[in-house]
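A look at the structure
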Amino acid sequence: MTETSLFEPFALGDLTLANRIVMAPLTRNRADAGFVPGALAAEYYSQRASAGLLISEASQISQQGQGYQDTPGIYTRAQIEGWRKVTDAVHGKGGRIFLQLWHVGRISHVDLQENGGAPVAPSAIRAEGKTFVNNAFTDVSMPRALDLDEIPGIVGDFRQAAANAIAAGFDGVEIHGANGYLLDQFAKDGANTRTDAYGGSIENRARLMLEVAAAVADEIGAGRTGIRISPVSPANGITTSDPQAQFDHIVDRLDALGLVYLHVVEGATGGPRDIAPFDYGSLRRRFRNAYIANNGYDLALATSSLAEGKADLFAFGRPFISNPDLVERLKSGAPLAEIDRATLYGGGAAGYTDYPTLADASGS
Ligand code: 8OZ
């Protein structure tokens, strides 16, 4: 029997992906005025359309959900129209693309909030962390705790943003439940000391993430809804006492909703995979649909993990920034170009759309 390869198609719900390599969501801070993705974004994503699936950069579901300068939104008509140019360009090249829906919660700054107000969070606990605002890395602002009666509005914003994403031509959405942003803040007790139905027990802390997942799946279909989680990542100053029990519970409930994929950041986001003990196989066994593995994968680790049945799809982040033809390079064993860190966040075409493919570089 021959083993399945990363370069073979995969059925994700009713979509056929050309291969098992996914472009991870990557924040690039290049939206135009009004937080509208522009023509450069359409070029950037379409250059990378040979990935089996592209996941867009995190995109705020409301002004309140924004935490960094110049990140795109998915809550105005102009934003929907801007994203439509991106999805048309990707589909024109035969690619598939999901939009990542984002509410940053406490990882924000008063300068990004309506009338300079405080960012919102489960509890009034300031994160140890920085955001990128006013062209500088800046301490996040002190948040205020959400009132119980504000929570349905946040679920509703996620629902509307998912509908907007479909109107913009996306093949589906990924709910950002990872990396110390709002849904992860609710799930983890280092950020959530509420005493109402959204705090305390594992079930209560999971409630907001699960309500959002149910609302989005109800709006656009579970077959178009994925979610990203990062059970042990300390990203953005998040901590928790019980990640295995918390995420076993969450994944049981996500499976019951029938979400099309579970995208797991294994270890510390962008850092060590072994930062804390965690049984990712437990999540995989609880979830019947696709498991996307992320964090520090290279060709060898993805190939062995696929052969061992640990995951279905593999999300690559940084290598996709500097290698628009990453799939072709991995397939042919070609060397990978390194990223230029100075051009990661903000700016224009430099370090965004000007990384060459192998074919460009050889002048053919
Ligand atoms: C890097 C810089 C800003 C935001 C994440 C959306 O960690 C992000 C992000 C990453 O999920």
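These notes cover the structure that comes with them. As the structure is a computational prediction, the values presented were derived from the model and not from experiment. (Residues numbered from 1 in each chain as written. Predicted model: local features only at pLDDT ≥ 70, side-chain atom pairs only at ≥ 80, totals over all residues. Heavy atoms only, no water.)

Some words on the side chain of Asn294
Applicable threshold: Numbering of helices and strands runs from the N terminus; a helix is a DSSP stretch of H or I covering at least four residues, while a strand is a stretch of E covering at least two. Per-residue accessibility, obtained with a 1.4 Å probe over protein chains only, is compared with the maximum for each type, and a residue is labelled buried under 20%, exposed over 50%, and partly exposed between these values. The criterion used for residue contact is that any of the two residues' heavy atoms lie within 4.5 Å.
Locating Asn294 in the fold gives a position in strand E13 (residues 290-294). Residue Asn294 is classed as buried on the basis of its relative accessible area of 6%. Leave out the neighbours within four places in its chain, and Asn294 touches Ala24, Arg228, His263, Val264, Val265, Glu266, Arg273 and Ala315.

Concerning the site of the ligand
As a reminder of what qualifies: A single heavy atom is enough: if one lies within 4 Å of a molecule or strand, its residue is considered near that molecule or strand. Nitrogen and oxygen atoms within 3.5 Å of one another constitute a polar contact, given that in protein one can donate a hydrogen and the other can accept it, and given that sequence-neighbouring residues count only through two side-chain atoms. For the area figures, the Shrake-Rupley method with a 1.4 Å probe applies, and any residue is considered shielded solely by the protein chains shown. Both cavities and pockets are sets of points on a 1 Å grid over the protein atoms alone; in a cavity a 1.4 Å probe fits but cannot get out, in a pocket the set is open with protein on both sides within 12 Å along at least five of seven lines, and lining residues sit with an atom within 4 Å of a point. Put plainly, a molecule is in a cavity or pocket when over half of its atoms are within 2 Å of the grid points there. Amino acid classes used here: Ala, Val, Leu, Ile, Met, Phe, Trp, Tyr, Cys and Pro are nonpolar; Asp, Glu, Lys and Arg are charged; the rest, including Gly, are polar.
Near the ligand, the surroundings consist of Thr27, Ala58, Tyr68, Trp102, His176, Asn179, Tyr181 and Tyr345. With respect to the ligand, the side chain of His176 contributes an N or O atom lying 2.7 Å from an oxygen atom. Within the side chain of Asn179, one N or O atom sits 2.8 Å away from an oxygen atom of the ligand. Taken by itself the ligand offers 300 Å² of open surface, and the protein chains cover 78% of this. Judged by the proximity of its atoms to the pocket grid, the ligand belongs to the largest pocket. For the shell around the ligand, the per-class residue count stands at five nonpolar, three polar and no charged.

A few points about the packing of aromatic side chains
Basically, it comes down to this: Pairing of aromatic rings covers Phe, Tyr and Trp, the last through its six-membered ring, and needs centres within 6.5 Å; plane angles under 30 degrees mean stacked, over 60 mean edge-to-face, and all others mean tilted.
Tallied over the entire structure, the rule returns 14 aromatic pairs. With a centroid separation of 5.5 Å and an interplanar angle of 15 degrees, the aromatic rings of Tyr68 and Trp102 are classed as stacked. In this pair, Tyr68 sits in the loop between strand E4 (53-60) and helix H2 (77-92) while Trp102 sits in strand E5 (residues 97-102), placing the two residues 34 residues apart along the sequence. The same class applies to Tyr68 and to Trp102, which are both buried. Summarising the aromatic geometry, the rings of Phe132 and Phe137 are spaced 5.0 Å apart at their centres and angled 45 degrees between planes, so their arrangement reads as tilted. Overall, the relative accessible area of 10% leaves Phe132 in the buried class. An aromatic cluster of three or more residues is present, and its members are Tyr44, Tyr45, Trp83, Phe170 and Tyr352.

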